[in-house]
Amino acid sequence: MSVDGEVRRLKSEADEPGWEVDPDDDWGLAVIATVGRQIRLRREAVGMRAAEFGAAVGYGEDLVYKIEGGKRIPRGEYLDKADEVLDAGGLISAMKEDVAKVRYPKKVRDLAKLEAQAVELLSYGSHALHGLLQTEEHAWALLRTRRPSPPEEELERAVAARMARKEIFQRSPAPELSFVLEEATLKRPVGGKMVRRRQFEHLLELAQLRNVEIQVMPMDRWDHPGTGGRIQVLKFGDGTAVGRMDDEFGGRPVSDPRQLRILELRYGIIRAEALTTRESLGFIEHLLGDT
């Protein structure tokens, strides 16, 4: 396409991979279908063809049809440009909030929803830092180790979703958060020197919050019930809870009180075997000083 004497290449699907809706995400499919239909109706109301509209917003006709058909998640800038081109008075731009939520995979949204409702969180991690504790750089470094290598846009979505969950630290009233970290997860050089330094500083910052307890499990303490993998328990204000452990109950989330008691028993033993919070802070400070 030529604009003011210059050739402008319209964006195609190849320019924005990883923006499909999960076919099992009913809510996400409904949101994107509604957004696409509203854009199409507005476009048709002003008498613009898809090709003409696409040229105006910088997208190819095929991608316009896919967005309007609810098969592609539109980016925020696409919605803003569409609002401007169709003179929608902010109605299309206002859809960005719902669209932003759909960007995150359903299982991540479900987890974030549970964390947002929890009054207490218990977490033991055996292989990697809990996502709530990770800096953005640390998360990028970890996710880039996935094989086969995901598209950069897919990694961008995963990191953004992980960072969005950190809103739990700003909640009021604040939930009680307990984390037990294996020493090995702290000594693993994820991302290199500067990423590690920032991660240690971030852990020390979080540990200053009154509702956050961070403990370190030394590598020489092996005879505890966490050797089977991660343990996660989320407790809610109505007295219910949900939890999971890698090697128990098939690794599935459980809510039965008897099964939850097993997880809490194991987590209690793990906390008792780990360094105290004061000792753990000293341990992390020492690692920071050596980095």
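Preceding this section is the structure that the text describes.
The paragraphs below set out a description of the structure included in this document. (Residues numbered from 1 in each chain as written. Predicted model: local features only at pLDDT ≥ 70, side-chain atom pairs only at ≥ 80, totals over all residues. Heavy atoms only, no water.)

Right, let's talk about the sheet that holds strand 3 (residues 118-125) for a bit. Strand order in the open sheet formed by five strands is 5-4-3-6-7, and the pairing between neighbours is mixed. Because the sheet does not close on itself, it has two edges, and the strands there are strand 5 (212-217) and strand 7 (241-245). Averaged over all pairs of adjacent strands, the angle between strand axes in this sheet comes to 5°, irrespective of strand direction. Here strand 6 (residues 231-236) pairs with strand 7 via five bridges, running antiparallel. Within the sheet, the bridge partner assigned to Leu234 lies in strand 7 and is Val242. (Pairing = 2+ DSSP bridges. Helix = DSSP H or I, 4+ residues; strand = E, 2+ residues; numbered from the N terminus. Axes fitted to C-alpha atoms, helices over the stretch in contact; angles between N-to-C directions.)

It is worth spelling out the pairing of strand 4 (residues 176-182) at this point. Each regular strand shows side chains that alternate between the opposite faces of the sheet. Counting buried positions over the seven residues of strand 4 gives six, a clear majority of the element. With six bridges connecting them, strand 3 and strand 4 associate as parallel partners. Paired with Tyr124 across the bridge in strand 4 is Val180. Bridge analysis of strand 4 against strand 5 gives six bridges, and the strand direction is parallel. Paired with Ser178 across the bridge in strand 5 is Glu213. (Buried < 20%, exposed > 50% of the residue type's maximum accessible area, 1.4 Å probe, protein only.)

Per the stated rule, a full pass over the model turns up two aromatic pairs. Centre to centre, the rings of Phe53 and Tyr78 are 6.2 Å apart; their planes meet at 85°, and the pair counts as edge-to-face. In this pair, Phe53 sits in helix 2 (residues 50-57) while Tyr78 sits in helix 4 (residues 76-85), placing the two residues 25 residues apart along the sequence. A relative accessible area of 0% places Phe53 in the buried class. Summarising the aromatic geometry, the rings of Tyr59 and Tyr78 are spaced 4.6 Å apart at their centres and angled 80° between planes, so their arrangement reads as edge-to-face. Taken together, the residues span a long stretch of sequence, with Tyr59 in the loop between helix 2 and helix 3 (61-68) and Tyr78 in helix 4 at a distance of 19 residues. Both residues of the pair, Tyr59 and Tyr78, count as buried. Put simply, the rings of Phe53, Tyr59 and Tyr78 pair up and form one aromatic cluster. (Phe/Tyr/Trp six-rings, centres within 6.5 Å; stacked < 30°, edge-to-face > 60°.)

This paragraph deals with the nonpolar core. Ranked by internal contacts, the top residues of the largest apolar core, which has 26 residues, are Leu133, Phe169, Phe179, Leu181, Leu186, Ile214 and Ile284. Those elements that provide at least two residues to this core are strand 3, strand 4, helix 10 (193-207), strand 5, strand 6 and helix 12 (277-290). Among the elements that line this core, the one with the most residues is helix 10, at five residues. Look past the residues within four positions of Ile214 in its chain and what remains in contact with it is Leu133, Phe179, Leu181, Leu203, Leu206, Ala207, Thr277, Ser280 and Ile284. (Core = buried A, V, L, I, M, F, W, Y, C linked by side-chain atoms within 4.5 Å. Contact = heavy atoms within 4.5 Å.)

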